[in-house]
Amino acid sequence: MWAVRFPTKCRGSKMAAGSWSERVLELVLRMNSLQRGGFVPFWVQGSRVGWVLQGVAERLSHYTDVFTVAEGPCARLELSERLHSPEERTAAVQEVMVDLRRLGLYPCLQEWRNELYDVKRCFSDAPLLSMERAATPLLGVPRYGVHINGVLRRGSDTFMWIARRSMSKASYPGRLDHLAAGGISSGHGVWVTLLKECMEEACIPESLAATAKPAGTVSYGYQQEGGVYIECQFVFDLEVPESFQPKVGDGEVQEFYLWPMEQVREAIATDHFKPNCALVVLDFLLRNGYLEPDKEKYYSSLVENLHRPV
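What counts as what
Residues numbered from 1 in each chain as written. Predicted model: local features only at pLDDT ≥ 70, side-chain atom pairs only at ≥ 80, totals over all residues. Heavy atoms only, no water. Salt bridge = Lys/Arg side-chain N within 4 Å of Asp/Glu carboxyl O. Buried < 20%, exposed > 50% of the residue type's maximum accessible area, 1.4 Å probe, protein only. Axes fitted to C-alpha atoms, helices over the stretch in contact; angles between N-to-C directions. Helix = DSSP H or I, 4+ residues; strand = E, 2+ residues; numbered from the N terminus. Parallel < 35°, antiparallel > 145°, perpendicular 65-115°, else oblique. Left-handed = near helix turned anticlockwise from the far one by under 90°. Contact = heavy atoms within 4.5 Å. Nonpolar A, V, L, I, M, F, W, Y, C, P; charged D, E, K, R; others polar. Expected span 1.5 Å × (residues − 1).

Another point: the pattern of salt bridges. Taken as a whole and assessed by the stated rule, the structure comprises 17 salt bridges. Across the pair E266 and R265 runs a salt bridge, and its minimum N-O distance is 3.0 Å. The class for E266 is partly exposed, based on a relative accessible area of 31%. For R265, a relative accessible area of 14% puts it in the buried group.

Now the structure itself:
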């Protein structure tokens, strides 16, 4: 088991009271609280690609030209084999999701973005289909993104550039965020997404953004309002010069701050940070020795729960 149980009183949507380690562990476990029992596996072309809540699977089974349900002890939701190509599957699933949005049944569909995400067996595979970003939680398919830690070194001191999200954002308005981050849209790769988000969100020139170093992934899964959220973030560390100053680009960010790591460390244990960004910052703290096994009570649990298999 890769999930660690925590006292029930600490599972709410707000940070629990307690030490820094307790509050951060509560966040990590809340973001990685998905238990697969009770979900219906979603299959496409002979491979499981997602997890669906039973009530959602029952609703989708009404669209008999698109979805079928295999009954029995190994019940599963399948995309119809009559849909032979990725293009056919994309069009059919999109039609279903448009109809569900019209019915107003699922909150996640109210955040419709007209942005497609690829559905794959694993990230390096060719896509089996693409689907509306806001609809992906209904089928519980993994969503991939890129997060960039903007780091400034001054001698022995380290600082991190932190963004504050615009108040007009549909999700987590006004929360603290990374220097740049974004989901990987259909047909895009990790590197293209990194360069695009750096320029769009913080006006970082490609010559600087291209020096970012890959630093692994952070992955997690949770259930929320009828959806199953399984996400994997590709993490990059970007060391910037003293002369660097991010600028507000596409309006998703309202301002930037340059904070010492101790201030960043304290902030991720509060509700001020966008939760998945806090996990990526926690990963940075662990990788760079800001947390020590002998001093952090839940050190091993923090490490283990930042890397859920997707």
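Two numbers describe how helix 1 (residues 20-31) lies on helix 8 (residues 275-287): the axes approach to 10 Å, and their chain directions differ by 125°. Classified by the angle between their axes, helix 1 and helix 8 sit oblique to one another. Handedness of the helix 1/helix 8 crossing: left-handed. Listed contacts from helix 8 to W20, V24, L27, V28 and M31 of helix 1 are P275, N276, A278, L279, L282 and L285. Residue composition of the contact of helix 1 with helix 8, by class: ten nonpolar, one polar and no charged.

Further remarks concern helix 5 (residues 190-202). Residues lying three or four places apart along an α-helix face the same way, a consequence of the helix completing one turn every 3.6 residues. Helix length check: helix 5, at 13 residues, gives a terminal C-alpha distance of 18 Å against a target of 18 Å (1.5 Å per residue), a fit within 8%. Of all the positions in helix 5, only V190, T193, L194, L195, E197, C198, E201 and A202 are classed as buried. Residues of helix 5 that are buried in the fold lie against strand 7 (143-154), strand 10 (180-183), helix 6 (206-209), strand 12 (227-239) and strand 13 (253-260). Phi turns positive, to about 55°, at C203, one or two residues after helix 5.

Glancing now at the side chain of T193. Inspection of the secondary structure puts T193 in helix 5. For T193, a relative accessible area of 0% puts it in the buried group. Discounting residues that sit within four places of it in the chain, T193 has contacts with V146, G182, G183, I184 and H188.

The backbone of Y172 sits at a positive phi, close to 50°, despite the residue not being glycine. Of the residues examined, Y172 reaches a relative accessible area of 28% and is grouped as partly exposed.

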